[in-house]
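Coordinate analysis (summary)
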Amino acid sequence: VVGRRDEVARSLVGATSHFQTADGVSVRVQPGAPERSTLVVRMRSRDPLSQMPPLGTKVVDAEGLRLIERWIAEMGSSPKLTKNETALNEQETGP
């Protein structure tokens, strides 16, 4: 499970997105810069063509958005694991 989660997280970091931020950035997750990450832009949006999740929501999940923003911000400028991710991995697999 841990390896798969890391693989999924890393597939988002630096990956090109079909969507863009207001300043034209097309990166799914920009380490250390939630405001330049299309994942965050889409989570904030309620535009049916770009919002995330794509269906069934009219209100932004504020807590979920804060968690994602913090996760991205804690990455710094490289896609290494944050302290929280490392601790979670150790809980699941042992030190």
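One structure accompanies this document, and this report is about it. (Residues numbered from 1 in each chain as written. Predicted model: local features only at pLDDT ≥ 70, side-chain atom pairs only at ≥ 80, totals over all residues. Heavy atoms only, no water.)

1. With respect to the nonpolar core
As a rule of thumb, nonpolar side chains are buried together in soluble globular proteins. Heads up, the condition is: To qualify as a nonpolar core, a set must consist of buried Ala, Val, Leu, Ile, Met, Phe, Trp, Tyr and Cys residues joined through side-chain atoms within 4.5 Å. Three exposure classes are used, based on accessible area relative to the maximum for each residue type with a 1.4 Å probe and protein chains only: buried under 20%, partly exposed in between, and exposed over 50%. Only runs of H or I of at least four residues qualify as helices and only runs of E of at least two qualify as strands under DSSP, and these elements are numbered from the N terminus. Residues are treated as being in contact if the distance between any of their heavy atoms lies within 4.5 Å.
Judged by nonpolar contacts, Ala9, Val13, Val29, Leu39, Val40, Met43, Leu65, Trp71, Ile72 and Met75 together constitute the single largest core of 10 residues. Sorting the residues of this core by element identifies α2 (38-44) and α3 (62-74) as the ones contributing at least two each. Among residues more than four places away in sequence, those in contact with Met43 are Met52, Val60, Gly64, Leu65 and Ile68.

2. With respect to unusual backbone geometry
Excluding glycine, a negative phi dihedral is what most residues carry, and trans is how most peptide bonds are arranged. Put simply, Met52 and Pro53 share a cis peptide bond, and its omega is 0 degrees. As for its placement among the helices and strands, Pro53 is situated in the loop between α2 and α3.

3. Regarding the environment of Glu69
Within the secondary structure, Glu69 is located in helix α3. Residue Glu69 is classed as buried on the basis of its relative accessible area of 18%. Along the backbone, Glu69 and Glu35 are 34 residues apart, and their C-alpha atoms lie at a distance of 8.1 Å. Once residues within four sequence positions are removed from consideration, Glu69 is found in contact with Pro34, Val40 and Arg44.

4. Here's the deal with the side chain of Gln51
We apply this condition: Think of a polar contact as two N or O atoms within 3.5 Å of one another; within protein, one of them needs to be a possible hydrogen donor and the other a possible acceptor, and neighboring residues in sequence only count if both atoms come from side chains.
Examined against the element boundaries, Gln51 turns out to sit in the loop between α2 and α3. Looking at Gln51, its side chain comes within polar contact range of the main-chain oxygen of Pro53, at 3.3 Å. Not counting residues up to four positions away in its chain, the partners in contact with Gln51 are Arg42, Ser45, Arg46 and Thr57.

5. Quick word on the pattern of salt bridges
The line we're drawing: When a carboxyl oxygen of Asp or Glu lies within 4 Å of a side-chain nitrogen of Lys or Arg, that pair is called a salt bridge.
Applying the stated rule across the entire model yields three salt bridges. The salt bridge involving Arg44 is made with Glu69; its shortest N-O contact spans 2.4 Å. With Arg44 in helix α2 and Glu69 in helix α3, this pair connects stretches of sequence that are 25 residues apart. One salt bridge in this structure joins Glu74 and Arg70, with 3.8 Å as the shortest N-O distance. You can see Glu74 and its partner Arg70 sitting in helix α3, four residues apart, about one turn around the helix. For Glu74, a relative accessible area of 39% puts it in the partly exposed group.

6. Some remarks on the side chain of Ser17
Looking at where Ser17 falls in the secondary structure, it is placed in the loop between α1 (2-12) and α2. A relative accessible area of 11% places Ser17 in the buried class. Reaching out from Ser17, the side chain makes a polar contact with the backbone nitrogen of Phe19 at a distance of 3.0 Å. Apart from residues no more than four positions distant in its own chain, Ser17 is found in contact with Ser26, Val27, Arg28 and Thr38.

7. Some points on α3
One turn of an α-helix holds 3.6 residues; hence residues three or four places apart share an orientation. This is how the line gets drawn: To estimate the expected span of a helix, count its residues, drop one, and scale the result by 1.5 Å. In this description, one arc is meant: the one made by directions from the helix axis to the C-beta atoms.
Compared with the 18 Å implied by 1.5 Å per residue over 13 residues, the 18 Å span of α3 between its first and last C-alpha is a close match. For α3, the set of buried residues is Gly64, Leu65, Glu69, Trp71 and Ile72. Along the axis of α3, the buried residues cluster in a sector spanning 160 degrees; they form a single face. Looking at α3, the residues exposed on the side facing more than 90 degrees away from the buried face are Glu63 and Arg66. Of the residues trailing α3, Gly76 is marked for its positive phi of about 65 degrees.

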